[in-house]
Amino acid sequence: MLSHIVYLSDSTNFISWSLIKDILLFSDENNKNKNVTGILFGHGINFLQVLEGDKVVIKNLYEHIAKDERHQNITLLDFCPIAERKFKGWSMKGFNFANLPKEQQQHILNKYCDAGEYFYLPTETKSCLAFIDELTQL
Ligand code: FAD
């Protein structure tokens, strides 16, 4: 059954674009082989990932990813059936927030994130998905 998993985690180290690229390098082929699509957003100390695919396949992948020592405090926000994929064509889309123009960054931060000294992502599934929708449409 086509399903998705949405989770948040804290990176063990400050997230650089090269860390995201390292993860994507491996994920691209691995996810393609498993017919998994999705997005990986990382900024500051937070990862937000959406995995889409067969229910059992993404559950196993999620459990595998959760053991990766590059992140911790993994919080599963959503694991449920979906009618269609949001990220068709993306075995794993990486998103580099730092590449957005400053005013777009500020708009997103003001709207969705509890931005104090650190950058915190929304912690509710609905807000996370709205956040991702807005990012991918920019
Ligand atoms: P592993 O022995 O885990 O590693 C294989 C390669 O991954 C290594 O050669 C190295 O390049 C890299 N690697 C693993 N751990 C480290 C580390 N601690 N420091 C530096 N490099 C390391 N994998 C997917 O297949 N699909 C995904 O969608 C996916 N999403 C991820 C999201 C996040 C936030 C993180 C942190 C990891 C994600 N991964 C994903 C990677 C996953 O956790 C595994 O590392 C990967 O699947 C390889 O697993 P493996 O057991 O085959 O090999």
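Presented here is a report on the structure given in the accompanying data block.

## A word on helix 1 (residues 17–33)
Taking 1.5 Å of rise per residue, 17 residues should cover 24 Å, and helix 1 covers 24 Å from first to last C-alpha, within 8% of that figure. A maximum bend of about 35° is found in helix 1 at S27. Along helix 1, the residues classified as buried are I20, I23, S27 and N31. Residues of helix 1 that are buried make contact with strand 2 (37–43) and strand 5 (93–96).

## A look at the sheet that holds strand 3 (residues 46–54)
The mixed open sheet is built from five strands, whose spatial order is 4-1-3-2-5. Of all the strands in the sheet, the pair left with one neighbour each is strand 4 (71–81) and strand 5. For this sheet the average axis-to-axis angle between neighbouring strands, irrespective of direction, equals 15°. Where strand 1 (residues 2–11) and strand 4 come together, eight bridges link them in antiparallel fashion. Opposite V6, over in strand 4, you have D78 as the bridge partner. On the sheet, helix 2 (residues 55–66) packs against strand 1, strand 3 and strand 4 and is oriented at approximately 150° with respect to strand 3.

Conventions we followed
Residues numbered from 1 in each chain as written. Predicted model: local features only at pLDDT ≥ 70, side-chain atom pairs only at ≥ 80, totals over all residues. Helix = DSSP H or I, 4+ residues; strand = E, 2+ residues; numbered from the N terminus. Expected span 1.5 Å × (residues − 1). Bend = angle between axes of the 7 residues up to and from the residue. Buried ≥ 20, exposed ≤ 12 C-beta atoms within 10 Å, placed from the backbone. Contact = placed C-beta atoms within 7 Å. Pairing = 2+ DSSP bridges. Axes fitted to C-alpha atoms, helices over the stretch in contact; angles between N-to-C directions.

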